[in-house]
Amino acid sequence: MRIVVTGGAGDLGGRVVRELTRRGHEAVAASRRSGVDLAIGAGLDAVLDGADAVVHSATSPRRPQTVDVAGATRIGESLRRLASPAHVVSISIVGCDRIAYPYYRAKLDSETALERAGVPTTIVRATQFHSLAALLASVLRVGPLSVSVGHMRSQPVDIDWVAARLADHATAAAPDGFVRARELAGPTAYDAGALSALVAEHDGRRPPRTVRIPPVGKVLRGFAEGRNLPGPEAETGGRPFEDWLAAQPRPLPRRMHSPT
Ligand SMILES: NC(=O)c1ccc[n+]([C@@H]2O[C@H](COP(=O)([O-])OP(=O)(O)OC[C@H]3O[C@@H](n4cnc5c(N)ncnc54)[C@H](OP(=O)(O)O)[C@@H]3O)[C@@H](O)[C@H]2O)c1
């Protein structure tokens, strides 16, 4: 199959490209560095022509309405002009419909844009990747303390497993219309303090004492109430956070993406 991966040079998209290639498919990475700019639509029609599936993984956390949402709209418009539109598999975030965080709202808007386009679409919502959970645990550690919003928990997931599941969806038969696949999450939910302790131990530091601040405002309340957690029907899998962490450099680099 010929499968276009938007954001195919990114952390998740790159893994999807490698996984599809390993399975013998033609995976085409589409982003600005290959001449496809979702913010203005440049190069999109040409790359989508003849595609069997599209994995939409491009994102801009700073300009999500321009890249994620307008990008999804443009992908839908471009595919609708084709005699047999490709199946779109779009990555989204667990809780994007329940937490009023602007980036989450944009992910929900991207889903809606594809639903309105009327092309065969599978939405796959995933929880935070392990690297993001670890980064947040590091950032929220201040000396001997770690800060948690109330009793916030998260259930981070292995990015390689998410990439493999996206590849599974992209190579499966296209649905008749718009569907949401089961949410993807890692095997375990952790209290924010427990994640900080795991990261501190990995870095060779004493476990920090957790200071719990009250959840002020809708967004923080949403996280403190667990609206970022997957539902009971979620599909769980991939490496547990501890196994992923053990494979990372020590101390953990304070950056978003990890090499494995
Ligand atoms: N991180 C998490 O915990 C998490 C959890 C659940 C879901 N997700 C979702 O997973 C997806 C991928 O995240 P990621 O962390 O892999 O992102 P990433 O590494 O930042 O990659 C983003 C990609 O988007 C491309 N891009 C940015 N602006 C573009 C534009 N105007 N036109 C075309 N391409 C553009 C970039 O390539 P160029 O610079 O070459 O354009 C880059 O390859 C996102 O949709 C995110 O919402 C992430």
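A.B. asks: For this particular structure, what's the right way to read the nonpolar core?
C.D. replies: Across soluble globular proteins, you tend to see nonpolar side chains buried next to one another. Residues L12, V16, V55, V162 and L166 are the most contacted members of the largest nonpolar core, which totals 22 residues. The greatest single-element share of this core, amounting to seven residues, is contributed by helix 6 (residues 159-171). Residue contacts for L12: discarding those within four places in its chain leaves S57, I91, F129, I159, V162, A163 and L166. V28, V47, A58 and I123 belong to the second-largest nonpolar core, a separate cluster that totals 21 residues.

A.B. asks: What am I meant to see in the side chain of T6 here?
C.D. replies: Mapped onto the secondary structure, T6 falls in strand 1 (residues 2-6). A relative accessible area of 1% places T6 in the buried class. Among the polar contacts listed, one links the side chain of T6 to the side chain of H56, at a separation of 2.8 Å. The residues contacting T6, other than those within four sequence positions of it, are A30, L38, V54, V55, H56, S57, A58 and I75.

A.B. asks: Where do I start with the pattern of salt bridges in this structure?
C.D. replies: Pairing of side chains with opposite charge becomes possible as their charged atoms draw close. This structure, assessed with the given rule, holds 19 salt bridges. One salt bridge connects R98 with D97, and the closest N-O pair in it is separated by 3.8 Å. For D97, a relative accessible area of 38% puts it in the partly exposed group. Between R141 and D203 there is a salt bridge, and its shortest N-O distance comes to 3.8 Å.

A.B. asks: I keep staring at the packing of aromatic side chains and nothing clicks. Help me out?
C.D. replies: The geometry of an aromatic ring pair comes down to the distance between the two centres and the angle between the two planes. The final tally for this structure, using the stated rule, is four aromatic pairs. Between Y101 and Y104, the aromatic rings sit 5.5 Å apart at their centres with planes inclined by 75°, giving edge-to-face as the arrangement. For Y101, a relative accessible area of 38% corresponds to the partly exposed category. What makes Y104 buried here is its relative accessible area of 7%.

A.B. asks: What's the story with the site of the ligand in this structure? I'm lost.
C.D. replies: Among the 27 residues in the neighbourhood of the ligand, the closest are listed as L12, S31, R32, Y103 and K107. Within the backbone of G10, one N or O atom sits 3.0 Å away from an oxygen atom of the ligand. Here an oxygen atom of the ligand and a backbone polar atom of L12 are 2.7 Å apart. In the complex, the protein chains occlude 89% of the 910 Å² of accessible area that the ligand would expose alone. Of all the secondary structure elements, the ones that give two or more residues to the shell around the ligand are helix 1 (11-22), strand 4 (87-93) and helix 4 (102-117). The biggest single contributor to the shell around the ligand is strand 4, with three residues. Residue composition of the shell around the ligand, grouped by class: 13 nonpolar, nine polar and five charged.

A.B. asks: What should I look at first to understand the pairing of strand 4 in this one?
C.D. replies: One face of the sheet, then the other: side chains in a regular strand alternate in exactly this way. Buried residues dominate strand 4, accounting for seven of its seven residues. Alternating positions in strand 4 separate into two faces, H87, V89, I91 and I93 on one and V88, S90 and S92 on the other, with burial throughout. Both strand 3 (residues 53-56) and strand 4 contribute to a ladder of four bridges, which runs parallel. Its bridge partner lying in strand 4, V55 is registered against V89. Since strand 3 and strand 4 lie parallel, the crossover through helix 3 (residues 64-80) that links them has a hand, and here it is right-handed. Bridge count between strand 4 and strand 5 (residues 121-126): six bridges; the pairing is parallel.

A.B. asks: Any chance you could explain the packing of helix 1 against helix 6 here in plain terms?
C.D. replies: Packed helices, taken two at a time, are described by their axes: the angle between them and the distance between them. Their axes nearest at 9 Å, the elements helix 1 and helix 6 cross at an angle of 55°. The orientation of helix 1 with respect to helix 6, classified from their angle, is oblique. The element helix 1 and its partner helix 6 pack so that their crossing is right-handed. When helix 1 is examined against helix 6, the residues D11, L12, R15, V16, E19 and L20 are found in contact with a partner set consisting of I159, D160, V162, A163, A164, L166, A167 and T171. A breakdown of the residues in the contact of helix 1 with helix 6 according to their chemical character gives nine nonpolar, one polar and four charged.

What counts and how
- Residues numbered from 1 in each chain as written.
- Predicted model: local features only at pLDDT ≥ 70, side-chain atom pairs only at ≥ 80, totals over all residues.
- Heavy atoms only, no water.
- Core = buried A, V, L, I, M, F, W, Y, C linked by side-chain atoms within 4.5 Å.
- Buried < 20%, exposed > 50% of the residue type's maximum accessible area, 1.4 Å probe, protein only.
- Helix = DSSP H or I, 4+ residues; strand = E, 2+ residues; numbered from the N terminus.
- Contact = heavy atoms within 4.5 Å.
- Polar contact = N/O pair within 3.5 Å; in protein donor to acceptor, adjacent residues only side chain to side chain.
- Salt bridge = Lys/Arg side-chain N within 4 Å of Asp/Glu carboxyl O.
- Phe/Tyr/Trp six-rings, centres within 6.5 Å; stacked < 30°, edge-to-face > 60°.
- Near = heavy atom within 4 Å.
- Areas by Shrake-Rupley, 256 points an atom, 1.4 Å probe, with all protein chains shown as cover.
- Nonpolar A, V, L, I, M, F, W, Y, C, P; charged D, E, K, R; others polar.
- Pairing = 2+ DSSP bridges.
- Right-handed = clockwise from strand over helix to strand, strands pointing away.
- Axes fitted to C-alpha atoms, helices over the stretch in contact; angles between N-to-C directions.
- Parallel < 35°, antiparallel > 145°, perpendicular 65-115°, else oblique.
- Left-handed = near helix turned anticlockwise from the far one by under 90°.

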